[in-house]
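What the coordinates show
Here's the letter readout for the chains.
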Amino acid sequence: MKRFLLFLFALLGVFVAPAQLVSGPMLGPVELRDAVIWLEVGPATRSVHLVCTPQGGGAPVRLDQKIEATGTYTPIRFVVPDLEPATTYKYSLLLDEKLAPGGTFTTKTLWQWRQPAPDFTFLTGSCAYFNEPKYDRPGTPYGGDSSIFKTMAKEKASFMLWLGDNWYYREVDFYSAPGLRYRARHDRAQPVLQPFLKAMPHYAIWDDHDFGPNDADKSYVLKDESRRIFLDYWPNASAGENGQGIYTKMSYGDVDIFMMDDRWFRSANDMDATVGRVPNPGKRMWGPQQLEWLKSALLSSTATFRIIATGNQTLNPMSRAECLQDYPVEFNELQNFLAAEKIPGLLFLTGDRHHSEVIRYTREGGYPIYDITNSPLTSGLSKVTGTPEAANEARVAGTLVEAQNYTRITVSGAKGARRLQAQFVGVSGAVLGTWTVSETELKYAR
């Protein structure tokens, strides 16, 4: 009988998979008093425990999550509470009481009313494509050198902001909810990503390829499921209002970033931009609800730099792709609001174009506004060299980068003289382009 039981247990072991860490851990928002730690586990996992302890010693915090036996993969987020500012914590994970990789994080510094705003660096970028030949289109692989994420993991950055197309749904994916979920799980689990995911906090917006099909808009029939998946995989602090969209805001130091949703409310690109030579009020990218939120958020902000992050370019007069200027009723409404309220310190961060550049938009009676476009992280290139756009007079000289890259943004300087520097960084870490602006250049004349 004993031999039979041993044989039975061995046989069961063939069919019952062990607890499995599929991807992560990934740091979500890390604030003054709490931090989000995200991970995804396999169908066999029944419990996950997180133990978090101050690196210098102190009482540990233990969080537990039980998982029902549903046979599905499970994204999990832990919100670690009751932390102290400017403190480094180490955390470990137990999956079914077996140790899994952990990491460290440091809470934000409580600087307000106590000391000058901190100098800091963050990373940003868009368009991350991981090849999967059996589901990719035939021909030359579209995904490039994914070792760029190894380079990014070595940065001493405060956070990473993903600007959309963070994964690419394929034809095999975007006709069903399981297909959408498969792509998010598959791409998040890439081994080359894992060190980067836990190296710094991560925030994200989406664009068409991680929302649905190419150039997808509000008519996409699975957009509710797409939003659920986005929320499962990106633990931003909030996501839209009234269950609509994924827009939100995050802050670090004296910078506010308004993270826009350019898909949920979007009209079809092919809708006429004008009717009777006036802007078509029905053609919108952000939608009235989101635009009203943005106006209020910009007015409420006291940040030195107020950055609007959105998936598509906003200011490029020669854009051959999607651009906010192709939605003139919203573009004009935003510009009129900025001028009327004299909003200082405004910049845009955008992606999508598969090359990087800085676009300068001149306004009568106001300071110039800049759009820092970064793309691609790993997707195919779309060069403007050899096209009419190569001679774009709105592009800041020396900022065109037609190679895989990410952006390193550094905010530094004394109060009243803060500067924002954007560096386009290649796969190996070489700086491919640099641009800098001061807070004094982004103010209305008194």
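Note that the structure is a prediction, hence the values are computed from the model and not measured. (Residues numbered from 1 in each chain as written. Predicted model: local features only at pLDDT ≥ 70, side-chain atom pairs only at ≥ 80, totals over all residues. Heavy atoms only, no water.)

This brings us to the pairing of strand 7 (residues 98–106). Here strand 6 (residues 88–95) runs beside strand 7; their pairing, made up of seven bridges, is antiparallel. Along strand 7, the bridge assignment pairs Leu93 with Ala100. Hairpin connection between strand 6 and strand 7: a loop of two residues separates the two successive antiparallel strands, and Asp96 in this loop has a positive phi of roughly 50 degrees. (Pairing = 2+ DSSP bridges. Helix = DSSP H or I, 4+ residues; strand = E, 2+ residues; numbered from the N terminus.)

In this structure, Thr350 sits in strand 16 (residues 346–350). Assessed through its relative accessible area of 0%, Thr350 is described here as buried. (Buried < 20%, exposed > 50% of the residue type's maximum accessible area, 1.4 Å probe, protein only.)

Next up on the list: the sheet that holds strand 17 (residues 357–363). Ordered by their spatial adjacency, six strands build an open sheet running 11-12-15-16-18-17, and the pairing between neighbours is mixed. The sheet is open, and its two borders are formed by strand 11 (248–252) and strand 17, each paired with just one other strand. Across the sheet, the axes of successive neighbouring strands diverge by a mean angle of 20 degrees, strand direction being ignored. Pairing of strand 16 with strand 18 (residues 366–373), which is carried by four bridges, proceeds in the parallel orientation. Paired with Leu349 across the bridge in strand 18 is Ile372. Across the sheet, helix 6 (residues 287–300) touches strand 11, strand 12 (255–259), strand 15 (305–310) and strand 16, and the angle it forms with strand 12 is around 175 degrees. Against the sheet, helix 7 (residues 328–341) touches strand 16, strand 17 and strand 18, its axis set at about 65 degrees to strand 17. (Axes fitted to C-alpha atoms, helices over the stretch in contact; angles between N-to-C directions. Contact = heavy atoms within 4.5 Å.)

Taken from the UniProt record, the annotation "domain: PhoD-like phosphatase metallophosphatase" (unreviewed entry) applies to residues 125–387. Taken end to end, residues 125–387 comprises 23% helix and 19% strand; its first and last C-alpha atoms sit 24 Å apart. (UniProt positions renumbered as here; feature names shortened; annotations may be inferred.)

It is at 12 Å that the axes of helix 6 and helix 7 come closest, and there the two elements cross at 20 degrees. Judged on the interaxial angle alone, helix 7 and helix 6 are roughly parallel. Along this stretch, helix 6 crosses helix 7, giving a crossing that reads as right-handed. For the pair helix 6 and helix 7, the contacting residues are Gly287, Pro288, Leu291, Glu292, Leu294, Lys295, Leu298 and Leu299 in the first and Glu330, Glu333, Leu334, Phe337, Leu338 and Glu341 in the second. The residue inventory of the contact of helix 6 with helix 7, partitioned by class, reads eight nonpolar, one polar and five charged. (Parallel < 35°, antiparallel > 145°, perpendicular 65-115°, else oblique. Left-handed = near helix turned anticlockwise from the far one by under 90°. Nonpolar A, V, L, I, M, F, W, Y, C, P; charged D, E, K, R; others polar.)

Moving on: the domain arrangement of the protein. If you check the domain split of the protein, you get domain 1 (21–106) and domain 2 (120–438). Between the C-alpha centres of domain 1 and domain 2 the distance comes to 29 Å. Counting residues at the interface gives 20 residues for domain 1 and 17 residues for domain 2. The contact between domain 1 and domain 2 buries some 1600 Å² in all, and 58% of this surface belongs to carbon and sulfur atoms. Applying the counting rule to domain 1 against domain 2 returns zero salt bridges. Those elements giving two or more residues to the side of domain 1 that touches domain 2 turn out to be strand 1 (21–30), strand 2 (35–41), strand 5 (74–80) and strand 7. By residue number, the principal contributor to the side of domain 1 that touches domain 2 is strand 1, which donates nine residues. By residue class, the composition of the side of domain 1 that touches domain 2 is 12 nonpolar, five polar and three charged. (Domains from an automatic or database assignment. Buried area = accessible area lost by both parts, 1.4 Å probe. Salt bridge = Lys/Arg side-chain N within 4 Å of Asp/Glu carboxyl O.)

This brings us to the sheet that holds strand 6. Strand order across the open sheet formed by four strands is 4-3-6-7, with antiparallel pairing between neighbours. One side of each edge strand has no neighbouring strand; the edge strands of this open sheet are strand 4 (61–66) and strand 7. The average undirected angle you get between the axes of adjacent strands in this sheet is 15 degrees.

As a further point, take the nonpolar core. Grouped together as the largest cluster of nonpolar side chains are 92 residues, with contacts concentrated most on Phe149, Trp162, Ile257, Trp286, Leu294, Leu420 and Trp435. Per element, the largest residue contribution to this core is five residues, and it comes from helix 6. Not counting residues within four places of it along the chain, the set of residues in contact with Trp162 comprises Gly125, Ala128, Phe149, Leu193, Phe196, His202, Tyr203, Ala204, Ile205, Trp234 and Leu377. Residues Ile67, Val80, Tyr89 and Ala100 belong to the second largest nonpolar core, which totals 21 residues. (Core = buried A, V, L, I, M, F, W, Y, C linked by side-chain atoms within 4.5 Å.)

Confidence in the prediction of the protein, expressed as mean pLDDT, is 94, and 96% of residues score 70 or more. Residue range residues 1–17 is modelled with pLDDT below 50. Its contacts to residues more than four positions away, or to other chains, number one contact. (pLDDT = per-residue confidence, 0-100.)

Evaluation of the coordinates by the stated rule reveals 29 aromatic pairs. Look at Trp38 and Tyr233: their rings are 5.5 Å apart centre to centre, the planes differ by 45 degrees, and that puts the pair in the tilted class. Note that Trp38 is positioned in strand 2 and Tyr233 in helix 5 (residues 223–233), a separation of 195 residues in sequence. Consider the rings of Phe174 and Tyr175, whose centres lie 5.2 Å apart with planes at 65 degrees: the pair is edge-to-face. A residue is classified by how much of its surface remains accessible, and Phe174, at 10% relative accessible area, is buried. Feature note: the residues Trp38, Phe130, Phe149, Trp162, Trp167, Tyr169, Phe196, Tyr233 and Trp234 constitute an aromatic cluster, connected by ring pairs. In this arrangement the basic side chain of Arg170 is found over the ring face of Tyr129, its NZ or CZ atom lying 4.1 Å from the centre. For Arg363, the ring lying beneath its charged end belongs to Tyr367, and the centroid distance is 4.6 Å. (Phe/Tyr/Trp six-rings, centres within 6.5 Å; stacked < 30°, edge-to-face > 60°. Lys NZ or Arg CZ within 6 Å of the ring centre and 35° of its normal.)

With respect to the helices and strands, Asp224 occurs in helix 5. Separated by 40 residues in sequence, Asp224 and Trp264 place their C-alpha atoms 9.2 Å apart.

The full count for this structure, using the stated rule, is one cavity of 30 Å³ or more. When its volume is computed, the largest cavity comes out at roughly 70 Å³. As for the largest cavity, its lining consists of Ala128, Phe130, Phe149, Trp162, Asn166, Trp167, Asp187, Arg188, Leu193, Leu197 and Trp234. The class makeup of the residues in the lining of the largest cavity is eight nonpolar, one polar and two charged. (1 Å grid on protein atoms, 1.4 Å probe; cavity = no way out; pocket = protein on both sides within 12 Å on 5 of 7 lines; lining within 4 Å. Points joined across faces, edges and corners; volume = space filled by probe spheres on them.)

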